Each structure stands twice: as structure tokens, then as C-alpha cells.
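# Overview (structure and organization)
The residues making up each chain are set out below.
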Amino acid sequence: MSIRSSIRHKSYSSTLHLPKTRFGPKIPDSDNLNRLIKSSSDDVYQQQAQLLDRKKFVLHDGPPYANGDLHMGHALNKILKDIINRFELIRNNRRIIYRPGWDCHGLPIEQKALAEARKEDETRNLSSTEIRQLCRNLAETMIDRQRQQFRQFAIMTDFSAPYITMSREYEARQLQVFQKLVKNKLLSRQSKPVWWSCESQTALAEAELEYRDHRSVAVYVKFPVKNAEYLKDKIKIGDDLKLLIWTSTPWTIPGNKAICVHEGLLYTILQGMGERLIVAKDRAEELLKLNSDYEETDILISGKDLIGMSYFVPGSQDSFPVLHGSHVTATAGSGLVHTAPAHGMEDYLIGRSNNLKIASVVDGRGQFITENCPEQYASVRGLAANKPEGIWKVIGLLEQWGMIFHIDKKYQHSYPYDWRSKAPVIQRATPQWFVNVEKVKQAAEDSLKNVTFVPENGINRLSSFIRNRNEWCISRQRAWGVPLPIVYSQNGEALDNPEVVEYIVKRIEEFGTDEWFAEESNIQRWIPEKYDGNLYKKGTDTMDVWFDSGTSWTDLGNEIADVYLEGSDQHRGWFQSSLLNKVIASGKDEIFEPQAPFRKVITHGFTLDGKNDKMSKSKGNVIVPSHVMNGGGKPMLSQNWC
């Protein structure tokens, strides 16, 4: 035998110092695997729970959403929590309190339940109670499925006793936090612009938005001046004098109620094509690049002198004012700002302070309703406003009336999308319920001084989100959620005094939230006897799901969690809503304590696919953990833990 041959057949296993173990190299069969998982997770958790002399360590579980199978992001999150819990148990001799949870309400489950129901009968009209039962059944099914998948991770906990946001006990605690809003005068109903999902037909909170690069059609529009008495000594007043505005939302032009200028800016006139256009002096050069048929004049007008003018839309008898707006600048556009009070917050504030009509020109589906538009826009009725059909119809009318100066079909900018439907949202004035965050955010910020963040810059992110938030729209126009415990008179006035809300909350605790949505002509069982149940009706709004999960700390009783651990996107989401609700719950006589529900906040990054995109069920780019655990992973898929 050659030397090479002997080397080839020699075993080197005896030369390696390897640990000896009874575990085989193969994955155990099903029965042995289940026994192994139970003995290393469920049994360990129950055994250590009996060590009552040990100091408790509380890791509060951020509830995953009960919709669909688990993905690698769930595995990363749950396993990191398990590592921390086991370390505290073994290294620091702590007794672990870790109760898993599930987030159950909200739009994705409702949409999925409705889609499945329509497969069986497309024509059937479902009542709210029927929709809720379908949603509850789906959520229960998803919880059971996810529970079995989580158990395969051998997480040290008791999955048989989770907290569930749709349980009667959880909803009761959530409604008690809601009562604090009312008692401390933090809740108000206002008809003002909110972010609105036309696909989902509901209001959205800022935390439910995703900003993306977006291409819009932007237009410069010329509005003819009707009255300019203040300028008659400086320029000739005539039919050719017009105000030039710019907007990237031309569908809002039918809702125009004013044009804003800034009293501190200088304005000039561009002349050409038989007309004169008033624009900001600092914007003239850029505007002339868009149309060489115009030239700049040497006329200078103070913004203050433009205030009080009026203008009109051809074919209409109505006139609209020129107003001062502190938000107007000369860094973009024309230095004059189109103002539609029902479709933008700055516009709304201008509208309120100047008694302008505030009425949305679109309905809940995002389609034009001409009752709130000037007569000449009648032909847009029923069109989807923020889609090409509606946008180009409005632009076509403006062109017909000779009002278009320039069209930019490829205006690129950052724009908010609904994080669930992945569709662009709009701003639309509609009656909603708002929490006054302004009153509690200082206490919320102060509470963070006693919180440890890992990584340390987490405090900057969370503080920034709190600091820049003034209100929280918590009402949603969906059936699957915790109801706002508010009734209304026949003319729509809310009966929201603390006494009535407290009475309703007690009745909901007695009857359950599903019963609130039952149709009934007399609601006497829900309100105090001094009110006539025939003269009131129950509200149909449900609460923002971030308010749901943001009260999960109530499951801990009087305990403060040692650790909250979630993805870095939760500074904006669950961490923020939990902190705000904890401070709100501390309120007494409108005084709030700086209380945080956590002592330490730890964040991790996201699992990414081979293109470095975040794995997401909605994108369909997830890897099922069991596929990896069973040896089915593919080398071409990169697993990035950022």
C-alpha cells in the first residue's frame, strides 16, 4: 500500500478532543423531539416558577399579529427573548415572568375574513356582529397555528396561558385606560383632516404610514383675480391679472377655498401670453424656465398688499380670499399656496382661523362627491380622486378653462402609504376622536430618564417620536376592534361625559364587546336611566390597534417590565403607544406622572432576503422557520441579521 493510500484511509477522529454527548447527529423523530422540547421549555418554565424566593425578572412580550404563519423575523425575536430569559435564570438566579401574547384586532384579519366569506357568497351582506364572529374565528385559528409553530422553537414559557387582545379580560382593562382619557379631558371629537386609506375606508394614525418614493402629477394653476383694491395704485387691475399656485395634489383643486401668501415676502409679475401672473420674486427665475413665452417685470409687491384680494374660478359666481400663511415660503413652487382646508393640516388651520368652509370633496372610498365642489366640477362625480382618472379629469377641466401654466408628469417626492394595503393615502376631513398628546408628552419624555436603551441611541428615536406628536387619532371605521364606548343623539351629538362613559364600560364588561355591535332601536341597557334609550344610538367606531397593544402592560398588574425587546420599528409603534398609555393611565385631575412601563428597551434589526429587503408576509419574501430547522434552507438565500 502506498503512503498516499494509507493517509487517505486513516481516521483522525481519535486525534480530536470533541465533547461527548448522548445527542445524535440526526433530528430526533417526532415523539422524541416533542418530549425534548417539552422538557427543555414548558417543564423548565413551570419548575422555575416555583422558586418563589428568587427575585422576579419580567420580560414583557410584544404581541405578534395573529395572521398567517411565522417567518424568520418572529424566530429572531422570540429566540432573542429566550436567550435573555435563560441567562437571567441561570446566571443571575432570577425567577422568569414571561407570558406570550397575541394582537388580534385590526384591518388585515377583517379583510381576510371578509375575503373568505365572499368566496362562498359574493352577494351576502354581513352585519357587524357576523363580521366580528368571522374575525374571531380566524384569529383563534391563527393563534393555534402560530402557537404550535412557536413551540417548535423550544421557548421557555407557558404557551397554554397567553394574553390575547380580543379576550374579554384584556378588553375590559383596555376600556378602563380609555376611561382615563375621558376623565382627564384628553379626548375630543373633531372634524379635521386625517390620513385616510381609501382601500380600507378608515382613518390612519401616523404610526400606520410608510413613506416611499412616489411619482405625482404636479401642476401650476392660474386663478383669475376678481378684486384687488389694495393694488390699484401700483398696477393696472384687469381680467388678465392672475395668481399662480403650485400643487402636487391637483385632485384637491375642487376643494380650494383660499390662496395663501406670506406677508413678509416680495412678489412680482410675470407677463406674457396676454396675461400677468403674480408670483414670489425669488421664484421668478425658476418659473420662467418652465415657459419662455413669459418675462419678468420690474414690479415689486409686498405680500402684505396681496392680503385681502379675491379670486375666482371661471364659470363660478363664488370668490375666494387671499390670506396670510406663515407656512408659505419662496423655496419651491410659486410662493403662493393653494389652500383646501379639508385636505391638509396647514390648510385646515388656515380655514379654522378664517372661518372657511371645511368639507371634504371625496367620500370614504376616495371618490369625488360634488355636493362640496363648485358646480363646474360636476363631471368629476364618482371618479377616484387620487388616481389617474380623477387627477386627469380635474386637470382637463382646468386646461379647458385656461388655468394651466405648466404640468410636471414625473414629480418625485416622499409620500405616505398605508402600511397594510400598501396603497397611497390621502388627507380627508372627517369626524374622528383624538387624544391630546400635548398634555402628556412632557411626562412621557421625563419617564425615559430612568430607562436604559440598547443600543443607546434608542432614547433619541423614541423621544423624537413623542416630542413631535401633538395628537393621536384613535378612532377607526371598521367592525373588528374594541368599540369606542360612546353614544350619540339623533342629531349626531356625542354623549361623552365621564359618568356615561363609565356606565357604558361597565355594561360592556358585563355583555362583551360583540354585543355592542348588535342592532337595536332602544339602547337603554347601555346608558343611565335618566337618558332615554330611544333618543340615542351607539357609535360604530373602533379603537386604533396601537391603543389595543399599547395597553398590554396592564397584563402585568402592578409590575414594571424589566425588558421590552422588539424590532427597531417599534420606537414609533408599540414602545411609543405603551409609554403614552402608561402615562395616560397615571392621570388624576389632569396631572400625569412620568411613568414608563419598562426599565430597559432593547431593539434588534430585521431579517432580510437575498435582495436586502425586509422580510414581510405582505411582500411574500419570508422564509418559514421550520423549513430552515428541518434542513431545507437554500444557500442562495442570504440571512442578514442587521
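Rules of the game
- Residues numbered from 1 in each chain as written.
- Predicted model: local features only at pLDDT ≥ 70, side-chain atom pairs only at ≥ 80, totals over all residues.
- Heavy atoms only, no water.
- Helix = DSSP H or I, 4+ residues; strand = E, 2+ residues; numbered from the N terminus.
- Buried < 20%, exposed > 50% of the residue type's maximum accessible area, 1.4 Å probe, protein only.
- Contact = heavy atoms within 4.5 Å.
- Areas by Shrake-Rupley, 256 points an atom, 1.4 Å probe, with all protein chains shown as cover.
- Lys, Arg positive; Asp, Glu negative; His and termini not counted.
- Charge placed at Lys NZ, Arg CZ, Asp CG, Glu CD.
- Domains from an automatic or database assignment.
- Patch = residues over 30% accessible without salt bridge, like charges linked within 9 Å, V, L, I, M, F, W, Y side chains within 5 Å.
- Salt bridge = Lys/Arg side-chain N within 4 Å of Asp/Glu carboxyl O.
- Pairing = 2+ DSSP bridges.
- Axes fitted to C-alpha atoms, helices over the stretch in contact; angles between N-to-C directions.
- Phe/Tyr/Trp six-rings, centres within 6.5 Å; stacked < 30°, edge-to-face > 60°.
- Parallel < 35°, antiparallel > 145°, perpendicular 65-115°, else oblique.
- Left-handed = near helix turned anticlockwise from the far one by under 90°.
- Nonpolar A, V, L, I, M, F, W, Y, C, P; charged D, E, K, R; others polar.
- Expected span 1.5 Å × (residues − 1).

## Overview of the overall build of the protein
- Tallying secondary structure elements over the protein gives 18 helices and 29 strands in all.
- Burial statistics for the protein: of 642 residues in total, 52% are counted as buried.
- Taking as baseline every contact in the protein between residues at least 6 positions apart, the subset at least 24 positions apart corresponds to 76%.
- Here the protein has roughly 31,000 Å² of accessible surface; of this, 48% comes from carbon and sulfur atoms.
- Side chains of the protein carry 83 positive and 80 negative charges; the gap between the two charge centres is 7 Å.

## Some details on the domain arrangement of the protein
- Domain annotation of the protein identifies domain 1 (30–165 + 553–577 + 596–607) and domain 2 (208–418).
- For domain 1 and domain 2, the distance between their C-alpha centroids amounts to 50 Å.

## Some remarks on a negative patch on the surface
- A surface patch of like charges, here negative, comprises Glu116, Glu120, Asp121 and Glu122.
- In this fold, Glu120 is placed in helix H5 (residues 107–120).

## Quick word on the sheet that holds strand E1 (residues 56–60)
- Judged by pairing direction, the sheet is parallel, and its 5 strands sit side by side in the order E2-E1-E26-E27-E19 without closing on themselves. The outermost strands of the open sheet, each flanked by one partner alone, are strand E2 (95–97) and strand E19 (452–454). When the angles between neighbouring strand axes are averaged without regard to direction, this sheet yields 20°.
- Bridging between E19 and strand E27 (residues 600–604) involves 3 bridges; their strand directions are parallel. In the sheet register, Phe453 faces E27, and the bridge partner there is Val601.
- Along the sheet, helix H17 (residues 574–585) makes contact with E1, strand E26 (563–567) and E27, crossing E26 at roughly 145°.

## Comments concerning the pairing of strand E9 (residues 258–261)
- Every second residue of E9 is oriented toward a common face, with Ala258 and Cys260 on one face and Ile259 and Val261 on the other, all of them buried.
- Note that E9 and strand E16 (residues 337–339) share 3 bridges and pair antiparallel. By the bridge assignment for E16, Ala258 is matched with Thr339.
- Note: E9 against strand E15 (residues 319–324), 3 bridges, orientation parallel. Counterpart to Cys260 in the pairing with E15 is Leu323.

## Here's the deal with the sheet that holds strand E20 (residues 471–473)
- Strand order in the open sheet made by the 4 strands is E6-E5-E18-E20, with antiparallel pairing throughout. For this open sheet the edge positions go to strand E6 (202–204) and E20, each flanked by a neighbour on one side alone. Direction aside, the axes of adjacent strands within the sheet are offset by 65° on average.
- Note that strand E5 (residues 187–197) and E6 share 3 bridges and pair antiparallel.

## Things to note about the pairing of E5
- Pairing of E5 with strand E18 (residues 426–436), which is carried by 10 bridges, proceeds in the antiparallel orientation. Bridge pairing in E18 places Arg189 opposite Trp433.
- Hairpin remark: E5 followed by E6, antiparallel, with 4 residues in the connecting loop; positive phi at Gln201, about 55°.

## Some details on the packing of aromatic side chains
- Tallied over the entire structure, the rule returns 19 aromatic pairs.
- Ring plane angle 80° and centroid distance 5.3 Å describe the contact between Phe511 and Trp526, whose orientation is recorded as edge-to-face. Highlighted residues: Phe511 in helix H14 (residues 498–511) and Trp526 in the loop between helix H15 (513–516) and strand E24 (536–538), separated in sequence by 15 residues.
- Among the residues examined, Phe511 registers a relative accessible area of 28% and is labelled partly exposed.

## Observations regarding unusual backbone geometry
- Residue Pro455 is bonded to the preceding Val454 through a cis peptide linkage, with omega at 0°.
- Mapped onto the secondary structure, Pro455 falls in the loop between E19 and helix H13 (458–467).
- The phi angle at Asn355 is positive, at roughly 55°, despite the residue not being glycine.
- If you trace the backbone, Asn355 turns up in the loop between helix H10 (345–353) and helix H11 (388–400).

## Structural notes on the environment of Ser127
- In this fold, Ser127 is placed in the loop between H5 and helix H6 (128–151).
- Since its relative accessible area comes to 22%, Ser127 is described here as partly exposed.
- Counting along the chain gives 352 residues from Ser127 to Ala479, while the straight-line C-alpha distance between them is 9.1 Å.

## Let's talk about the packing of H13 against H17
- Two elements in contact, H13 and H17, have axes separated by 10 Å at closest approach and are oriented at 60°. Considered as vectors, H13 and H17 are oriented oblique to each other. With respect to the hand of their crossing, H13 and H17 are arranged in right-handed fashion. For the pair formed by H13 and H17, the contact residues are Leu462, Phe465 and Ile466 on the first element and Phe575, Gln576, Leu579 and Leu580 on the second.
- The class makeup of the residues in the contact of H13 with H17 is 6 nonpolar, 1 polar and no charged.

## Description of the pattern of salt bridges
- All told, the structure shown has 40 salt bridges when counted by the stated rule.
- Taking the shortest distance from any N to any O, the salt bridge between Glu88 and Arg94 comes out at 3.7 Å. Both residues of the pair, Glu88 and Arg94, count as buried.
- Glu499 is paired through a salt bridge with Lys530; the nearest N and O atoms lie 3.3 Å apart. Taken together, the positions of Glu499 in helix H14 and Lys530 in the loop between H15 and E24 put the pair 31 residues apart, joining distant regions of the chain.
- The exposure class of Lys530 is exposed, given its relative accessible area of 61%.
- Connected through salt bridges with shared partners, the residues Asp61, Lys78, Lys81 and Glu566 form a single ionic network.

## Let's talk about H17
- In this model H17 runs 16 Å from its N-terminal to its C-terminal C-alpha over 12 residues, within 8% of the 16 Å that 1.5 Å per residue would give.
- With 11 of its 12 residues buried, H17 lies for the most part within the structure.
- Within the span of H17, buried status applies to Trp574, Phe575, Gln576, Ser577, Ser578, Leu579, Leu580, Asn581, Lys582, Val583 and Ile584.

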